[in-house]
Amino acid sequence: MTAATEVKPIPDDAIATDPVIEAHYNASVEGWGDRLGSAGARLCRFFLGMKMPGLKACPPAAALPVGAPEAAPPR
């Protein structure tokens, strides 16, 4: 659940004037989205395995973006 509730990175005012900081922020948002999507897919597959009503299909683990962690990151 920790991975599914990770807070989106907050932009700094410097992203408006510094292209390097903007690129780092964009990369952090991209990584955040990948981790959140992976966590959602894991939860979906878990509940599908538990026969939760209303679920018909979930993204398979192989369909996750390259480099996306399948297991929740350690905290």
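Note: the structure precedes this text.
To keep things clear, this report deals only with the structure shown in the data block.

Moving on, we get to helix α1 (residues 19–49). An α-helical segment advances 3.6 residues per turn. Residues three or four places apart therefore align on the same side. With 31 residues, α1 ought to run about 45 Å at 1.5 Å a step, and its terminal C-alpha atoms sit 45 Å apart, in line with that. Within the span of α1, buried status applies to Tyr25, Gly31, Trp32, Ser38, Ala39, Ala41, Arg42 and Cys44. Among the residues of α1, the N-terminal cap falls to Asp18, whose side-chain oxygen and the backbone nitrogen of Val20 are separated by 2.9 Å. With its phi angle positive at about 65°, Lys51 sits one or two positions after the end of α1.

A few words on the environment of Ala3. Of note, Ala3 is situated in the segment before α1. Classification of Ala3 as buried rests on a relative accessible area of 8%. On a C-alpha basis, the gap between Ala3 and Trp32 in space is 9.3 Å, while along the polypeptide they are 29 residues apart.

Now for the state of the cysteines. Under the criterion given, the structure shown has one disulfide. Through a disulfide, Cys44 is tied to Cys58; the S-S separation comes to 1.8 Å. Its S-S torsion of approximately -75° makes the covalent link between Cys44 and Cys58 left-handed. Of this pair, Cys44 sits in helix α1 while Cys58 sits in the segment after α1, and the two are 14 residues apart along the sequence. There is no split in this pair, since Cys44 and Cys58 are both buried.

The next point concerns a nonpolar patch on the surface. A contiguous nonpolar surface patch, about 410 Å² in accessible area, is contributed by Phe46, Phe47, Met50 and Met52. Considering the arrangement of structural elements, one finds Phe47 in helix α1.

What follows is about the environment of Arg45. Note that Arg45 resides in helix α1. Linking Arg45 and Ala61, residues 16 residues apart in sequence, is a C-alpha distance of 8.9 Å.

Note: most residues except glycine have negative phi, and most peptide bonds are trans. At Lys51, a position not held by glycine, the phi torsion is positive, near 65°. Relative to the assigned elements, Lys51 resides in the segment after α1.

Reading the values: the criteria
Residues numbered from 1 in each chain as written. Predicted model: local features only at pLDDT ≥ 70, side-chain atom pairs only at ≥ 80, totals over all residues. Heavy atoms only, no water. Helix = DSSP H or I, 4+ residues; strand = E, 2+ residues; numbered from the N terminus. Expected span 1.5 Å × (residues − 1). Buried < 20%, exposed > 50% of the residue type's maximum accessible area, 1.4 Å probe, protein only. Polar contact = N/O pair within 3.5 Å; in protein donor to acceptor, adjacent residues only side chain to side chain. Disulfide = S-S within 2.5 Å. Patch = residues over 30% accessible without salt bridge, like charges linked within 9 Å, V, L, I, M, F, W, Y side chains within 5 Å. Areas by Shrake-Rupley, 256 points an atom, 1.4 Å probe, with all protein chains shown as cover. Salt bridge = Lys/Arg side-chain N within 4 Å of Asp/Glu carboxyl O.

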